[in-house]
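In case you want the letters, here they are:
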Amino acid sequence: MARNEIYRNVLKTAYSRWHRSLHNGISYTDIDKIAQCPSCGKALFIADTIFNPNDTYKTKAFYTKKVYLEISQALKLPYFEIYYTTVGRADDGDLERLSVRLIYPKTGDLRHLSLANWQHYLEHKVIEHAPICQSKKYLLKRINENDDRNKTILNKEKYVKVLSNRS
Ligand SMILES: [Zn+2]
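Residues numbered from 1 in each chain as written. Predicted model: local features only at pLDDT ≥ 70, side-chain atom pairs only at ≥ 80, totals over all residues.

Draft legend 1. Geometry of the pairing of strand β4 (residues 95–104). Pairing geometry for strand β3 (residues 79–86) and β4, over eight bridges, is antiparallel. The residue of β4 that forms the bridge with Tyr 83 is Ser 99. Where β4 and strand β5 (residues 111–113) come together, three bridges link them in antiparallel fashion. Paired with Leu 98 across the two strands is Leu 113, which belongs to β5. Between the antiparallel neighbours β4 and β5 lie six residues. (Pairing = 2+ DSSP bridges. Helix = DSSP H or I, 4+ residues; strand = E, 2+ residues; numbered from the N terminus.)

Next up, the structure:
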């Protein structure tokens with residue numbers, strides 16, 4: 001947890017305020033994103049989400065990345081930096097676009113993605129995991145629920161195919 005906050009709208013919990021007020025002999029950080037299976041809860045990848053108002057794509061300091069690397073290596077999970085730009089460049093504006101860089105297992109190039117491209121990847125990670133999911137039936141039920149947001153699924157047939165496979 002950085003000592004000084006840069007953005008107005010980062011989560012300010014009573015715990016983080018208290019921790020920031022303490023001495024230099026202790027420290028903690030937040031993991032911004034742990035993508036997980038919406039059914040069994042398995043972790044699929046971790047990511048640091050970085051506000052990118054001026055297209056600087058500024059990576060985090062080594063010290064901050066170190067713990068993300070430690071976790072991704074130990075759990076064998078991909079680790080990404082997700083740079084996000086908002087409408088009006090305000091830190092509380094709606095999401096406009098994303099750029100993503102893989103950090104682990106190997107550092108990749110910065111990729112500028114449409115929101116739909118990234119959503120495809122998010123769905124792909126769940127579909128890739130689905131054959132070994134311990135709660136396949138519940139996942140199939142979730143994606144078939146009569147919920148307007150389920151109309152945004154891009155790869156419905158792939159979910160159904162892999163989740164309906166009984167082998
Ligand atoms: Zn699962």
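Draft legend 2. Geometry of the environment of His 19. Tracing the sequence through the fold places His 19 in helix α1 (residues 14–20). Sequence-wise, His 19 and His 112 are 93 residues apart; in three dimensions their C-alpha atoms are separated by 36 Å.

Draft legend 3. Local environment of the sheet that holds β5. Taken in spatial order, the five strands make up an open sheet running β1-β2-β3-β4-β5, and their pairing is mixed. Looking along the sheet, the strands with just one partner apiece sit at the ends: β1 (33–36) and β5. Taking each pair of neighbouring strands and ignoring which way they run, the sheet shows an average axis angle of 30 degrees. Each of β2 (43–51), β3 and β4 is contacted by helix α2 (residues 62–75), which is oriented at about 165 degrees to β2, the strand it contacts most. (Axes fitted to C-alpha atoms, helices over the stretch in contact; angles between N-to-C directions. Contact = placed C-beta atoms within 7 Å.)

Draft legend 4. Summary view of the nonpolar core. If you look at the biggest cluster of nonpolar residues, it comprises eight residues: Ile 46, Ala 47, Tyr 68, Leu 77, Tyr 79, Phe 80, Ile 103 and Tyr 104. Mapped by element, the contributors of at least two residues to this core are β2, β3 and β4. In this structure, Cys 37, Cys 133, Tyr 159 and Leu 163 belong to the second largest nonpolar core, which totals seven residues. (Core = buried A, V, L, I, M, F, W, Y, C linked by C-beta atoms within 7 Å. Buried ≥ 20, exposed ≤ 12 C-beta atoms within 10 Å, placed from the backbone.)

Draft legend 5. Representation of unusual backbone geometry within the structure. Between Tyr 104 and the following residue, Pro 105, the backbone shows a cis peptide bond with an omega angle of 15 degrees. Residues other than glycine seldom take positive phi values, yet Lys 76 does so here, at roughly 55 degrees. Mapped onto the fold, Lys 76 is located in the loop between α2 and β3. Given 8 C-beta atoms within a 10 Å radius, Lys 76 is considered exposed.

Draft legend 6. The arrangement of the pairing of β3 in detail. Where β2 and β3 come together, six bridges link them in parallel fashion. Residue pairing across strands places Phe 51 opposite Tyr 84, the latter belonging to β3.

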